[in-house]
Amino acid sequence: MRANIKFHIISPSDKNPEEIQVYYDLIETQFGYSLFGIQDNKICHISFQDDDLLNLDKLKANWPNASLIHDPRGIKEIAKKVFDGAVGKIDVLLKGTNLQVSVWKELTKIIPGTTVSYERMAELVGKPRAIRPVARAVATNKIAYLIPCHRVIKKNGDIHKYGSGPERKKKMLSYENAI
């Protein structure tokens, strides 16, 4: 069962950076440690790391002017929805260009246990000649796993680069095929 994701879109100019507070926690998942960021009850960041040493670099890079507050309350429940067969509505806050947002939304339509090529992603967002910009949008996804950029592979079937490592990508794809 897939989550019903409700998208909230902002651009950096939509809010005064001083008004943004991102609550975070590091959660242990079946794919390693995952850093979650939540802003106004919306997931705004999910990234992976190999150990339990808190590393906020990716979160800071995505939300450079936000106040980051360690507050695990509620984040474990949200993480469980994401990693244990997410069911129900999940609010997601996206910050990106129109192309990035359209690619990220399209990624959520890929059925778990299946993959598409970068070329196919470009076709799905109506930009069949923009394979490289679409691939960049896939690579700049800041909400790993929930927005399943791991389901995009090379046209020849090879597992291509993945921000959290190709082995983690293989593990995610293998896990989804087992569901």
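Up top you'll find the structure we're talking about.
In this report, we go over the structure that sits alongside the text. This structure is a prediction, so every number in the text was calculated from the model and none was measured. (Residues numbered from 1 in each chain as written. Predicted model: local features only at pLDDT ≥ 70, side-chain atom pairs only at ≥ 80, totals over all residues. Heavy atoms only, no water.)

### Description of the overall build of the protein
Point 1. Along the backbone of the protein there are six helices and eight strands.
Point 2. Taking 2.2 N^0.38 as the reference for a compact globule, 179 residues should give roughly 16 Å; the C-alpha atoms of the protein span a radius of gyration of 16 Å, in line with that estimate.
Point 3. Judged by the C-alpha coordinates and their principal axes, the protein covers about 45 × 35 × 30 Å.
Point 4. Within the protein, the fraction of its 179 residues that count as buried is 44%.
Point 5. Restricting to contacts in the protein with at least 6 residues of sequence separation, those with at least 24 account for 64%. (Helix = DSSP H or I, 4+ residues; strand = E, 2+ residues; numbered from the N terminus. Rg over C-alpha atoms; globule rule 2.2 N^0.38 Å. Buried < 20%, exposed > 50% of the residue type's maximum accessible area, 1.4 Å probe, protein only. Contact = heavy atoms within 4.5 Å.)

### A closer look at the packing of aromatic side chains
Point 1. In the structure shown here, the tally under the stated rule is seven aromatic pairs.
Point 2. Ring centres 5.3 Å apart and planes at 85 degrees place the aromatic pair Phe31 and Tyr175 in the edge-to-face group. Remark: Tyr175 occurs in helix α6 (residues 166–178) and Phe31 occurs in the loop between β2 (21–29) and β3 (32–39); sequence separation between them is 144 residues.
Point 3. Seen in terms of ring centroids, Phe83 and Tyr145 are 5.1 Å apart; in terms of plane orientation they differ by 20 degrees. Their pairing is stacked. One end of the pair, Phe83, is in helix α2 (residues 75–83); the other, Tyr145, is in the loop between α5 (131–139) and β8 (152–153), and 62 residues separate them in sequence. For the residue pair Phe83 and Tyr145, the accessibility class agrees, reading buried in each case.
Point 4. One aromatic cluster is present, built from ring pairs that chain together Phe31, Phe36, Phe48, Phe83, Tyr145 and Tyr175. (Phe/Tyr/Trp six-rings, centres within 6.5 Å; stacked < 30°, edge-to-face > 60°.)

### Considerations on the nonpolar core
Point 1. Residues Phe36, Ile43, Ile46, Val82, Val103, Leu107 and Leu146 are the most contacted members of the largest nonpolar core, which totals 37 residues.
Point 2. If we ignore the near neighbours within four places in the chain, the residues touching Ile43 are Phe36, Gly37, Ile38, Ile78, Val82, Ile90, Asp91, Val92, Leu93, Ile143 and Leu146.
Point 3. Membership of the second largest hydrophobic core comes to 12 residues, among which are Leu35, Leu56, Leu59 and Leu93. (Core = buried A, V, L, I, M, F, W, Y, C linked by side-chain atoms within 4.5 Å.)

### Some remarks on unusual backbone geometry
Point 1. With a phi close to 50 degrees, Asp40 is a non-glycine residue in the positive phi region.
Point 2. Topologically, Asp40 is positioned in the loop between β3 and β4 (42–49).
Point 3. The class of Asp40 is partly exposed, set by a relative accessible area of 48%.
Point 4. For Asn41, which is not glycine, the phi torsion reads 65 degrees and is therefore positive.
Point 5. As for its placement among the helices and strands, Asn41 is situated in the loop between β3 and β4.
Point 6. On the basis of relative accessible area, Asn41 is assigned to the exposed category, the value being 65%.

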